[in-house]
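Residue strings, one per chain:
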Amino acid sequence: MKIIMLGAPGAGKGTQAKKIAEKYGIPHISTGDIFRANIKNGTELGKKAKTFMDQGLLVPDELTCDLVVDRIQQPDAARGYVLDGFPRTIPQAECLKDALDKLGSRIDYAIDVDVPDENIVNRMGGRRACLKCGATYHIVYAAPKQEGICDSCGEALVLRDDDKPETVQKRLNVYHEQTQPLIDYYNGQNVLRTVDGTQDLEDVFKQIVQILGE
Ligand code: ADP
Ligand code: ADP
Ligand code: ZN
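Note that the structure is predicted; figures quoted are calculated from it, not measured. (Residues numbered from 1 in each chain as written. Chains lettered and ligands numbered in written order. Predicted model: local features only at pLDDT ≥ 70, side-chain atom pairs only at ≥ 80, totals over all residues. Heavy atoms only, no water.)

Trainee: When you look at the pattern of salt bridges in this model, what are you seeing that I'm missing?
Mentor: As a working rule, side chains carrying opposite charge can pair if their charged atoms are close by. For the structure shown, the criterion picks out 13 salt bridges. Of the charged contacts in the structure, one is a salt bridge between D76 and R71, with a shortest N-O distance of 2.8 Å. Residue D76 is classed as partly exposed on the basis of its relative accessible area, which comes to 42%. Looking at R71, the relative accessible area reads 23%, which means it is partly exposed. (Salt bridge = Lys/Arg side-chain N within 4 Å of Asp/Glu carboxyl O. Buried < 20%, exposed > 50% of the residue type's maximum accessible area, 1.4 Å probe, protein only.)

Here it is as structure tokens:
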């Protein structure tokens, strides 16, 4: 099963992608997590990506697409994967499509987690991230067992620099301009499915399971 998660920053793509990965036994591939891991490890890619991420801008397509095309050909992705945060532009979607065509493969579902902008600001302000294992929490809606500590790995949780309110608005603008057109793009390919992302996270997941099957 090959799945793409669509939706605004903070819509809950990552939260749902993790649950999908667990239930269906496929890897969760998050470009944001890959970039953050590169930044943490001080790689060349990380240095380049950081300048864009800190400003709430997208990392250029040419730094992004090859990375994903390479990742989806790893052995653990043979039975499928859930892509979270990629593609984010039409050129990225075209690049993915070209690569999949060559591999004789295709996307099964593009799931749009639909959340209005008003709800997003609230979610991002309360998001806390573990930069070690990629787990995400919310101070109200998905609190860790112990305040400020990652349940999975014990690392201290942080408010991401790009989750500060001034950057969130910019990211939302970037989303509407560059990423939202993908909704029409995947609708045109008959793989778009929309879920109501304003519900609580278990209910959003139930909607997704209805689409993907038990
Ligand atoms: P969120 O989950 O809040 O939407 P991500 O972790 O997916 O955030 O992305 C954080 C930042 O990483 C983005 O604002 C962007 O700068 C960069 N990024 C992640 N994925 C991509 C991508 N596919 N193309 C370009 N930039 C990306
Ligand atoms: P994205 O990957 O789309 O940027 P996340 O999955 O990181 O979004 O979720 C953004 C924030 O909102 C996180 O703090 C997360 O815990 C919280 N969250 C996710 N889904 C829901 C939901 N259905 N209701 C309330 N809060 C949620
Ligand atoms: Zn962790």
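Trainee: I tried to follow the sheet that holds strand β4 (residues 109-114) on my own but got confused; where do I start?
Mentor: Taking strand neighbours across the sheet as the criterion, the five strands line up as β2-β3-β1-β4-β7 in an open arrangement whose pairing is parallel. In this open sheet, the two strands that pair with only one neighbour each are β2 (28-30) and β7 (192-196). Each strand axis lies, on average, 25 degrees off the axis of its neighbour in the sheet, ignoring direction. Taken together, the four bridges between strand β1 (residues 2-6) and β4 define a ladder with parallel strand orientation. Bridging from a neighbouring strand, I3 pairs with Y109 of β4. Packing against the sheet, helix α8 (residues 181-188) makes contact with β1, β4 and β7, and its axis sits at approximately 150 degrees to β1. (Pairing = 2+ DSSP bridges. Helix = DSSP H or I, 4+ residues; strand = E, 2+ residues; numbered from the N terminus. Axes fitted to C-alpha atoms, helices over the stretch in contact; angles between N-to-C directions. Contact = heavy atoms within 4.5 Å.)

Trainee: When you look at helix α3 (residues 44-53) in this model, what are you seeing that I'm missing?
Mentor: Along an α-helix, residues three or four apart share an orientation, since each turn contains 3.6 residues. Listing the buried residues of α3 in full gives L45, G46, A49 and M53. One side of α3 carries all its buried residues, which in axial view fall inside an arc of 90 degrees. Those residues of α3 that are exposed and angled more than 90 degrees off the buried face are E44 and K47. The inward-facing, buried residues of α3 abut α2 (31-40) and α4 (61-71). (Arc of directions from axis to C-beta.)

Trainee: Where do I start with the coordination of the zinc ion (ligand 3) in this structure?
Mentor: Around a metal, the perfect tetrahedron of four donors has angles of 109.5 degrees, and the perfect octahedron of six donors has angles of 90 or 180 degrees. All of the protein donors around the zinc ion (ligand 3) are C130 (SG), C133 (SG), C150 (SG) and C153 (SG); their distances to the metal are 2.3 Å. Read N to C, the donor residues that coordinate the zinc ion (ligand 3) are spaced as C-x2-C-x16-C-x2-C. Taken together, the positions of C133 in the loop between β5 (127-129) and β6 (136-138) and C153 in the loop between β6 and α7 (165-179) put the pair 20 residues apart, joining distant regions of the chain. Overall, the relative accessible area of 30% leaves C153 in the partly exposed class. (Donors = N, O, S within 2.8 Å, 3.2 Å for Na, K, Ca; no water.)

Trainee: Honestly, unusual backbone geometry in this entry has me stumped. Any pointers?
Mentor: Residues other than glycine predominantly adopt negative phi, and peptide bonds predominantly adopt the trans conformation. At the junction of F86 and P87, the peptide bond is cis and its omega measures out at -5 degrees in the coordinates. Residue placement: P87 occurs in the loop between β3 (81-84) and α5 (90-103).

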